[in-house]
Amino acid sequence: MLETIMQLDSRGIVPFGNESAENYARRGAATLTGAMQLKVEYPLGQEAHIFGKTTMYNAKRVIMPPGAAAEMKEKFRADISWIPVFEAELGFHSHIAGEAADLYRNGQSIPALICCEATKQTLLHEAMHAVRGFADYANNKAFEEAVADEGRFTIQGFNAVFARWRNALIVRAARKRLEDCTGENAGFVLLRLTKPEMMALTRAGNPVGYLRDLSCLRHRIIKERLGL
């Protein structure tokens with residue numbers, strides 16, 4: 001079971017909340033199977049669920065640029081090469097370059113990236129959102145955008161400038177502490193922490209001790225990877 005769990009996490013499928021190892025293993029396997037069923041030539045033409053809303057897209061499946069998958073794997077230990085990518089006109093979302101969406105195949109939710117143009121930068125940003133499906137996006141939009149921007153301060157596509165700046169500082173501070181105590185694993189840990197966890201990490205006198213005390217399945221995977 002441990003090997004299966006670690007393999008799923010390495011594919012960027014992260015446990016939800018208090019999800020059990022058994023449910024996580026079943027959900028992860030079903031997610032990968034559903035993604036593989038979306039053939040390269042398969043047009044989307046179906047409902048996609050974004051931010052709790054349902055939108056119908058007509059899109060074409062495209063190949064994940066290898067540079068995007070390689071960078072995601074190197075920085076964050078997440079192999080996203082399996083995630084379906086579609087190019088489409090985003091309609092009322094036309095002011096932005098892409099969306100992370102949930103598609104449904106045989107009742108199974110499958111993360112997908114829907115882009116106006118599947119550039120590496122756009123796909124990396126949206127892939128961060130897809131991997132962080134365990135996080136509370138609805139109530140922490142500015143923070144999740146800051147994480148997807150890797151702590152860089154940007155305002156494109158988001159009007160609350162102060163909120164974006166403040167959350168970017170949290171992400172950058174957490175990454176610095178992780179780099180100091182976990183070295184090359186900093187990106188891996190950062191991508192798998194919630195906002196409250198990152199804030200607590202930046203205040204902890206002993207960051208490694210703080211990580212060691214966390215207990216849900218997502219945390220246990222982090223500790224296994226770090227050897228804690």
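Each remark here, short or long, concerns the structure printed above.
Residues numbered from 1 in each chain as written. Predicted model: local features only at pLDDT ≥ 70, side-chain atom pairs only at ≥ 80, totals over all residues. Heavy atoms only, no water.

Undergrad: Even after reading the chapter, I still don't get the packing of helix α4 (residues 120-131) against helix α5 (residues 141-148), so can you show me in this structure?
TA: Two measures define how a pair of helices packs: the angle their axes make with one another and the distance between the axes. Here α4 crosses α5 at 125 degrees, and the two axes come no closer than 8 Å. In this view, α4 runs oblique relative to α5, as classed from their interaxial angle. Relative to α5, α4 is oriented so that their crossing is right-handed. When α4 is examined against α5, the residues His-125, Met-128 and His-129 are found in contact with a partner set consisting of Glu-144, Glu-145, Val-147 and Ala-148. Here the residues of the contact of α4 with α5 are counted per class, giving three nonpolar, two polar and two charged. (Axes fitted to C-alpha atoms, helices over the stretch in contact; angles between N-to-C directions. Helix = DSSP H or I, 4+ residues; strand = E, 2+ residues; numbered from the N terminus. Parallel < 35°, antiparallel > 145°, perpendicular 65-115°, else oblique. Left-handed = near helix turned anticlockwise from the far one by under 90°. Contact = heavy atoms within 4.5 Å. Nonpolar A, V, L, I, M, F, W, Y, C, P; charged D, E, K, R; others polar.)

Undergrad: Teacher, can you tell me more about helix α10 (residues 217-226) here?
TA: Because the α-helix completes a turn every 3.6 residues, residues three or four places apart line up on one side. Among the residues of α10, those classed as buried are Leu-217, Arg-218, His-219, Ile-221, Ile-222 and Lys-223. Contacts made by the buried residues of α10 are with α1 (2-10), α2 (21-37), α7 (186-191), α8 (195-203) and α9 (207-213). Once α10 finishes, Gly-227 follows within two positions and takes phi at roughly 75 degrees, a positive value. (Buried < 20%, exposed > 50% of the residue type's maximum accessible area, 1.4 Å probe, protein only.)

Undergrad: Any chance you could explain helix α3 (residues 66-76) here in plain terms?
TA: Regarding α3, the residues found buried are Ala-68, Ala-69, Met-72 and Phe-76. Relative to the axis of α3, the buried residues are bounded by an arc of 95 degrees and lie together on one face. In α3, the exposed residues that point more than 90 degrees away from the buried face are Pro-66 and Glu-74. Arg-77, located one to two residues past α3, shows a positive phi value of around 55 degrees. (Arc of directions from axis to C-beta.)

Undergrad: Sorry, what's going on with the pairing of strand β5 (residues 98-105) here?
TA: When a strand is regular, its side chains alternate between the sheet's two faces. Among the eight residues of β5, six are classified as buried, and the element is accordingly described as predominantly covered. Where β5 and strand β6 (residues 108-115) come together, eight bridges link them in antiparallel fashion. Pairing of Arg-105 across the sheet is with Gln-108, part of β6. Two successive antiparallel strands, β5 and β6, enclose a turn made up of two residues, where Asn-106 displays a positive phi of approximately 55 degrees. (Pairing = 2+ DSSP bridges.)

Undergrad: Is there a simple way to explain the environment of Ala-88 in this structure?
TA: Positionally, Ala-88 belongs in the loop between β4 (85-87) and β5. With a relative accessible area of 8%, Ala-88 lands in the buried category. Put simply, Ala-88 and Ile-114 are 26 residues apart on the chain and 6.6 Å apart in space, counted from C-alpha to C-alpha.

Undergrad: Can you help me understand unusual backbone geometry in this one?
TA: Phi at Arg-77 is positive, roughly 55 degrees, even though this residue is not glycine. With respect to the helices and strands, Arg-77 occurs in the loop between α3 and β4.

Undergrad: When you look at the side chain of Thr-194 in this model, what are you seeing that I'm missing?
TA: When you line up the elements, Thr-194 lands in the loop between α7 and α8. When near neighbours in sequence (up to four residues on either side) are disregarded, Thr-194 contacts Arg-132, Phe-134, Phe-143 and Arg-218.

Undergrad: Just checking my understanding: could you explain the pattern of salt bridges for this structure?
TA: Proximity of charged atoms lets side chains of opposite charge pair with each other. All chains considered together, the criterion is met by 10 salt bridges. Among the ionic pairs, Arg-218 bridges to Glu-197, the shortest N-O distance being 2.8 Å. With Arg-218 in helix α10 and Glu-197 in helix α8, this residue pair connects regions lying 21 residues apart in the sequence. Across the pair, Glu-197 and Arg-218 agree in class, each one buried. A network of salt bridges, in which partner residues are shared, links Glu-71, Lys-75, Lys-120 and Glu-150. (Salt bridge = Lys/Arg side-chain N within 4 Å of Asp/Glu carboxyl O.)

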